[in-house]
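# Per-entry structural report
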Amino acid sequence: MPQKRFADPQGLTERYPGIFSKPTLQRWRSEGIGPPFSLLGPRRVVYDLDQVEEWLSKRTVQSTAAARALNASEQT
């Protein structure tokens, strides 16, 4: 079985420059949006890179109308 790949918030921002920032990831975690994450302790957050890739692919749209609909669905 392949080994899982994880990244902490800093590692995620380094892997995807211009897409994620540490403050944005923190805000998304508090708002319950953004890619799924795991808490390994009170201050230890990691992201499963496979789940991040899946989250990014689900956000691929072909029009601004589709983007608005996606954003609206996340607000509910």
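Presented here is a report on the structure given in the accompanying data block.

The rules we used
Residues numbered from 1 in each chain as written. Predicted model: local features only at pLDDT ≥ 70, side-chain atom pairs only at ≥ 80, totals over all residues. Heavy atoms only, no water. Pairing = 2+ DSSP bridges. Helix = DSSP H or I, 4+ residues; strand = E, 2+ residues; numbered from the N terminus. Polar contact = N/O pair within 3.5 Å; in protein donor to acceptor, adjacent residues only side chain to side chain. Contact = heavy atoms within 4.5 Å. Salt bridge = Lys/Arg side-chain N within 4 Å of Asp/Glu carboxyl O.

## Some words on the pairing of strand 2 (residues 38–41)
- In terms of strand pairing, strand 2 meets strand 3 (residues 44–48) through three bridges, oriented antiparallel. Paired with Ser-38 across the two strands is Val-46, which belongs to strand 3.
- Counting the residues in the hairpin turn of strand 2 and strand 3 gives two residues.

## Details of the side chain of Thr-13
- Mapped onto the elements, Thr-13 comes out in helix 1 (residues 9–15).
- Polar contacts involving the side chain of Thr-13 include one to the main-chain carbonyl oxygen of Gln-10, which spans 2.7 Å.
- The residues contacting Thr-13, other than those within four sequence positions of it, are Phe-20, Ser-21, Lys-22 and Leu-25.

## Let's talk about the pattern of salt bridges
- Counted by the stated rule, this structure contains four salt bridges.
- Arg-5 is the partner of Asp-50 in a salt bridge, and the nearest nitrogen-oxygen pair spans 3.1 Å. With Asp-50 in helix 3 (residues 49–58) and Arg-5 in the segment before strand 1 (6–7), the pair connects residues that are 45 residues apart, well separated along the chain.
- The salt bridge partner of Arg-27 is Glu-31, with a shortest N-O separation of 3.5 Å. Taken together, the residues span about one helical turn, with Arg-27 and Glu-31 both in helix 2 (residues 22–31) at a distance of four residues.

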